[in-house]
Amino acid sequence: MAVIQRATILQELLAMSRALGRPQGDLVILAEGNTSARLPGGTFAVKSSGASLETLTEDGLVECRTQPLLKLLDGPLPDDEVTEKALMDARVDPRSRKPSVEAVFHAVLLELPGVSFVGHTHPTSVNSILCSARAGAFARQRRYPDEIVCCGPESLLVPYVDPGIALAREIHRLAGEFVQRTGAAPRAILLQNHGLIALGGSTASVLATTTMMEKAARIFLGAEQLGGAEPLSPQDVARIASRPDEHYRQRLLKM
């Protein structure tokens, strides 16, 4: 049964990765971005370094042990050589490719409640905002109902940190605080001057969050040009987030 489940998860991960990599989505180009999925037995699959999401095959996935990578969250910050060795040693199959340097934050996020899949992309519109002084407003506020349904009442904003272990540690700290404060994992994590992470219990959830965040970014940019993006009030956001009909839509979307 575990073998069948593993094969199904990998196929879902590949389909999600290719969907995120489609050129028309403007979410990634070349070897940008990475994806992952939790597997049975304390491991997870993550895109290998240098692989393309658009053309990803099973050979481009690396199965890693979760616990060795989580140990990198403590102690002095390791240098690049130590980090490289830790990533390679975490592989289940030593013949497989090198995991993405961001595999550690994938290990962190796949341990959050309700999270089984993670998709990290660099959408042009989202990054236009994340490279500006308006990143905080975009992350904390919501402007229309479907943004709340697919992306949650707010996103988690992570200030720019060097990709790798330093970034994984900051994501671990801030995501933990978010879960403590809200009772749930964030659906969208915005990395300042870097990109978007969407996480959820299904590939459909990751895809919905990613594409809706890109739409939200385009709306935000357009509204800013027309005098400023007006957010919904906290009361309106809370109302949408609690409506039974919106919860029904979330179930249909596998959010």
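For the structure itself, look to the data block above.
First, a word on scope: everything that follows refers to the structure included in this document. (Residues numbered from 1 in each chain as written. Predicted model: local features only at pLDDT ≥ 70, side-chain atom pairs only at ≥ 80, totals over all residues. Heavy atoms only, no water.)

## Details of the overall build of the chain
If you tally the helices and strands in the chain, you get 11 helices and seven strands. Since a compact globule built from 255 residues should have a radius of gyration of about 18 Å, the 18 Å found for the chain is in line with a globular shape. Once the C-alpha set of the chain is aligned to its principal axes, its extents read approximately 55 × 40 × 35 Å. Across the 255 residues of the chain, 50% fall into the buried class. Across the chain, every contact between residues at least 6 apart in sequence was considered, and the portion connecting residues at least 24 apart equals 69%. Carbon and sulfur atoms provide 54% of the accessible area of the chain, an area that totals close to 11900 Å². Of the charged side chains in the chain, 27 are positive and 28 negative, and the gap between their average positions amounts to 5 Å. (Helix = DSSP H or I, 4+ residues; strand = E, 2+ residues; numbered from the N terminus. Rg over C-alpha atoms; globule rule 2.2 N^0.38 Å. Buried < 20%, exposed > 50% of the residue type's maximum accessible area, 1.4 Å probe, protein only. Contact = heavy atoms within 4.5 Å. Areas by Shrake-Rupley, 256 points an atom, 1.4 Å probe, with all protein chains shown as cover. Lys, Arg positive; Asp, Glu negative; His and termini not counted. Charge placed at Lys NZ, Arg CZ, Asp CG, Glu CD.)

## Structural notes on the nonpolar core
Counting residues in each nonpolar core, the largest one holds 37 residues, and the members touching the most others are L69, L109, I171, I189, I197 and L199. Sort the elements by how many residues they give to this core and helix α8 (residues 165-182) lands first, with eight residues. For I197, the residues in contact, after removing those within four places along its chain, are F105, L109, V118, G119, H120, I171, R187, A188, I189 and L191. (Core = buried A, V, L, I, M, F, W, Y, C linked by side-chain atoms within 4.5 Å.)

## Digging into the pairing of strand β6 (residues 188-191)
Residues of β6 alternate between two faces, with A188 and L190 on one and I189 and L191 on the opposite face, all of them buried. Pairing between strand β5 (residues 156-158) and β6: three bridges, direction parallel. Opposite V158, over in β6, you have L191 as the bridge partner. In this fold, β5 hands off to α8, which returns the chain to β6; that crossover is right-handed. Bridging between β6 and strand β7 (residues 195-200) involves four bridges; their strand directions are antiparallel. Pairing of A188 across the sheet is with A198, part of β7. Counting the residues in the hairpin turn of β6 and β7 gives three residues, including N193, whose phi is positive at 55°. (Pairing = 2+ DSSP bridges. Right-handed = clockwise from strand over helix to strand, strands pointing away.)

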